[in-house]
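# Structural overview for review
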Amino acid sequence: MTKNKKPKYSFTQFFFNYFDNLGEMTLINLIMCIPIAVFTGLMVLTAYLTGQINIFVLFLGIPVTAPFFAGALYVGLKLTRGEVIRPIQDFFKGMKDNYKAFLLNSVIVYIISAGLYLTFSFYRGGLRETAVMAAFVLSFLFALFFIFFEFGLVTMLVSVDIGFGAAVKNAVVLVAGGLVEHLKAIVVFLLTASVIYSAVLLSGNMVVGIIICAAAVLLFLPVLSAYIIVYNVFRVVERIVIAPFEQQKIQSRQAKEEIYKPDMDEMIALAKGDPEEYVFLGGRMLKRKAVIKMIENRKQ
């Protein structure tokens, strides 16, 4: 599972973590922009040659960038925990350890995203009828559920050592168990988008607006998005997934200790001799100094 100190969560800590590592995070963001720029260039070229943009081809950006977001999410996890960031090593470690799961998940995201696009395209005709309005509300709720599900899933994939199937099951539970934290992540995303949108409006010029958007993507937006998700959702993973697992480990260890409690006289006899030598106690090979420690603990 996970094995790090419990982080402190607060609104100010979110910014302190990021700005204390601003150089490292900017470097990671620049690396992430390489595949984004390549894919965007290919889409622009395709649109120029064909005279149109196919939305389902555009959605291929999801699997193309998925492994890179694995690296960014892993760095976001370390930032959330307050650990030292090694930008290049940590980013590529996150990619190397999680790219298979993220590619598999990207297929799911692609299919659901394409389905939601087709679904919401249907509502462009209007929402006058009650049945259509009800269907729209259900579609919106499903889309929100899927976003929350993905928040939990990608956070678990980089923070908890469990299989993809188990992560999917837990992600469903996290949707309800971490509703507040998921909503906080959405609010932060909306605030970030509103700041960028306001800057574009205030520029009063389309070219300047495009430059502002491009600068946001180039300098911080992709890696900040990953950090927003992990910072808000990891606390839910701690509470619902990691804490019960750790408690189960403690109970299992205590149960094993209760099954066999070596006799004090037996331990005293085995403790005599070279502390570095191995002795056989309770089905295990232990150094005498470990037996001496057990005796001291028993006397306390």
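Please refer to the structure placed before this passage.
An account of the accompanying structure is given in this report. Numbering of residues starts from 1 in each chain and follows the order in which that chain's sequence is written. Per-residue local features of the predicted model are confined to residues with pLDDT of at least 70, and side-chain atom pairs are confined, for both listing and counting, to 80 or more; whole-chain, interface and lining totals are unaffected and use all residues. Hydrogen atoms and water are omitted, and side-chain values are computed over all heavy atoms in the structure.

### Describing the nonpolar core
Here is the rule: Take the buried residues of types Ala, Val, Leu, Ile, Met, Phe, Trp, Tyr and Cys, join any two whose side-chain atoms come within 4.5 Å, and each joined set is a nonpolar core. Relative accessibility thresholds used throughout: buried, under 20% of the residue-type maximum; exposed, over 50%; partly exposed, between the two (1.4 Å probe, protein chains only). In DSSP terms, a helix is any run of H or I states spanning at least four residues, a strand is any run of E spanning at least two, and both are numbered starting from the N terminus. Here, two residues are considered to be in contact whenever any of their heavy atoms come within 4.5 Å of each other.
Judged by nonpolar contacts, the single largest core of 50 residues is most densely connected at Leu73, Phe91, Phe102 and Val237. Contributing elements (two or more residues each) for this core: α1 (11-20), α2 (22-50), α4 (61-81), α5 (87-122), α6 (130-159), α7 (164-177) and α10 (221-259). Among the elements that take part in this core, α10 stands out by supplying 14 residues, more than any other. Excluding anything up to four places from it in sequence, Val237 contacts Thr155, Met156, Ser159, Val160, Leu174 and Ile242. Of all hydrophobic cores here, the second largest spans 7 residues; its members include Met267, Ala271, Val279 and Leu286.

### Some details on the pairing of strand β1 (residues 278-281)
As a reminder, the rule being used: By the convention used here, strands pair only if DSSP detects at least 2 bridges between them.
Residues Val279 and Leu281 point to one face of β1 and are all buried, whereas Tyr278 and Phe280, pointing to the other face, are not buried. Looking at chain direction, β1 and strand β2 (residues 284-287) are connected through 4 bridges and run antiparallel. Note that in β2 the partner of Tyr278 across the bridge is Lys287.

### Some details on the packing of aromatic side chains
Heads up, the condition is: Pairing of aromatic side chains requires ring centres within 6.5 Å, counting the rings of Phe and Tyr and the six-membered ring of Trp. Pairs whose planes differ by under 30 degrees are stacked, by over 60 edge-to-face, and all others tilted.
All chains considered together, the criterion is met by 21 aromatic pairs. Look at Phe14 and Tyr231: their rings are 5.2 Å apart centre to centre, the planes differ by 75°, and that puts the pair in the edge-to-face class. Highlighted residues: Phe14 in helix α1 and Tyr231 in helix α10, separated in sequence by 217 residues. Comparing Phe14 with Tyr231, the two get one shared label, buried. With a centroid separation of 5.2 Å and 80° between ring planes, the pair formed by Phe91 and Phe92 is classed as edge-to-face. Judged by its relative accessible area of 42%, Phe92 falls in the partly exposed class. Among the aromatic side chains, those forming a connected cluster through ring pairs are Phe11, Phe14, Phe15, Tyr18, Phe19, Tyr227 and Tyr231.

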